[in-house]
Amino acid sequence: MSKNRLLIGNPALMRQTNARIILMLLKKLGHSSRADIARETGMSAPTVANVISDLNDLGLIEWIGEGTSSGGRRPDNLRFKADYGYLAGVDVTVDSFRVLLTDLNGTLLEEQYEPLAKEARSPSAVIELLRVSLRELMQRRGLPWKKLLGMTVGVAGITNTRDGIVISVSSSDTWRDVPLLEMLKKQFSCALFVENDTNLAAIGEHFRGIAQAEESFIFVTVGAGVGAGIFINGRIVHGSSWSAGEIGYLRIPNISSMQPALYEFGRLEQVLGAPGILRSWNAVSNKAGVSAKIRKASSVLDLAREGNSVAQRIVHQRARLLKDVVLNLSLTLNPSLFVFGGDLGAHPALFEPTVEMLRKSEVAVARVLPSSLGNSAVVWGAIAVAMKDAEQNLYRY
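Summarised in this report is the structure supplied together with it. Computed from a predicted structure; not experimentally measured.

**A short note on the sheet that holds strand β11 (residues 191-196)**
Right, so step 1: Strand order in this open sheet of five strands is β6-β5-β4-β7-β11, and the pairing throughout is mixed. Each edge of the open sheet carries a strand with a single partner, namely β6 (108-115) and β11. Taken over all neighbouring pairs, the strand axes of this sheet differ in orientation by 15° on average, direction set aside.
Right, so step 2: Where strand β7 (residues 148-155) and β11 come together, six bridges link them in parallel fashion. Note that in β11 the partner of G150 across the bridge is A191.
Right, so step 3: Contacts from helix α4 (residues 123-140) reach β4 (86-92), β5 (96-103), β6 and β7, with the element oriented near 35° to β5.

**Some words on the environment of V48**
Right, so step 1: Secondary-structure assignment places V48 in helix α3 (residues 45-58).
Right, so step 2: Sequence separation between V48 and A38 is ten residues; the distance between their C-alpha atoms is 6.3 Å.

**What to know about the pattern of salt bridges**
Two side chains with opposite charge may pair up if their charged atoms get near one another.
Right, so step 1: Under the defined criterion, the tally for this structure stands at 16 salt bridges.
Right, so step 2: Residues participating in the shared-partner salt-bridge network are E110, R140 and R141.

**Focus: the side chain of T152**
Right, so step 1: In this fold, T152 is placed in strand β7.
Right, so step 2: Within polar-contact distance, the side chain of T152 engages the backbone oxygen of A382 at 2.9 Å.
Right, so step 3: From its side chain, T152 meets the backbone nitrogen of A386 in a polar contact 3.5 Å long.
Right, so step 4: Not counting chain neighbours up to four residues away, the residues in contact with T152 comprise A88, G89, V90, F193, L200, A382, V385 and A386.

Parameters and conventions
- Within any chain, residue numbers begin from 1 and follow the written order of that chain's sequence.
- For a predicted model such as this one, the threshold for reporting local features is a pLDDT of at least 70, and the threshold for listing and counting side-chain atom pairs is 80 or more; totals across whole chains, interfaces and linings nevertheless cover every residue.
- The side-chain figures draw on all heavy atoms in the structure; neither hydrogens nor water molecules are used.
- A pair of strands is treated as paired once DSSP finds two or more bridges between them.
- Under the scheme used here, helices are H or I runs from DSSP no shorter than 4 residues and strands are E runs no shorter than 2 residues, and both carry numbers assigned from the N terminus.
- Angles run from 0 to 180 degrees between N-to-C directions of axes, and those axes are lines fitted to C-alpha atoms, restricted for helices to the stretch in contact.
- What makes two residues a contact is simply this: any of their non-hydrogen atoms within 4.5 Å.
- Think of a salt bridge as a Lys or Arg side-chain nitrogen and an Asp or Glu carboxyl oxygen that are within 4 Å of each other.
- Definition of a polar contact: a pair of N or O atoms within 3.5 Å, with one able to donate and the other able to accept a hydrogen when the atoms are protein atoms, and with sequence-neighbouring residues admitted only if both atoms are side-chain atoms.

Below, the structure written as structure tokens:
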């Protein structure tokens, strides 16, 4: 915590700034005395006392008893009251959504997965189901609805985060130019944010996953679709038209014959993603006389892992393609780390041969690691976004 603070403006602004500094210090330390706060922040004892009094009146801190004495009277310790409010992170896919509920420290309280029936996959239907699901989660914990202070919703499509508009979801005709933020505001009164799911996965890995120590890395997801969350110099890169990281539209030499179309799967996505792997398996296995019935692309990778030669050839082709994508991104952006996620991207059958091929390159090769958060990376990124906003605005509530 820096003791060099530049406070500009009127006394109210200075008090607000000091309050945020003290709240963040308490979140970092867990608990502290007023004397420790003054020492850590460089604030005067009267300033600390006044701010602590304000925070106590607002219910943002709580006293937890006497600390250890260094010779005089034992100090009273206090801590940030993490149950002052709650945060929700949501990951919406074409056929399901996942909800995470935490306190203001990011402590996990509830996590729930909800499959979506075919007739309940429109934006309005998903929002209604989300409202019901989240209310049930909070009621299960005995938490007042008004204590939900922030929620971030991640969607698997090109997303204008400034205006909260989902521009395009390749796998759904009903998710085009959807004013999702405005629709959410009709059902929720908390702070609301909308973001691309892969960007949130990258934020999640930086928040509490394998990329916590990294300031420039790229999260690559391979599952039903293919995408990248580009995290450079401590923040997500969105691009001028919100399509930075949409690597599923990358051109493939000798395969991509048409220009990419906004409302369709990109050519790379068609080949590298789950549907493409299944198509290859069905075509090649029939010719090879293999009769195994497979419904999931991850099962093809499982077979490759077990030594099935047909599956190994299919996966090896994808590993070469993924290797080229990583090398191109590495040469363009030169990050320190690539994190592979998604049902297929982090699967050892695809991950290991891709990494082995990358080791043979002599230029611009970063470390490559599998996601440590798995299917929860998106919702943890969503919590991180909501938490950052809460930290900036708690003193106003």
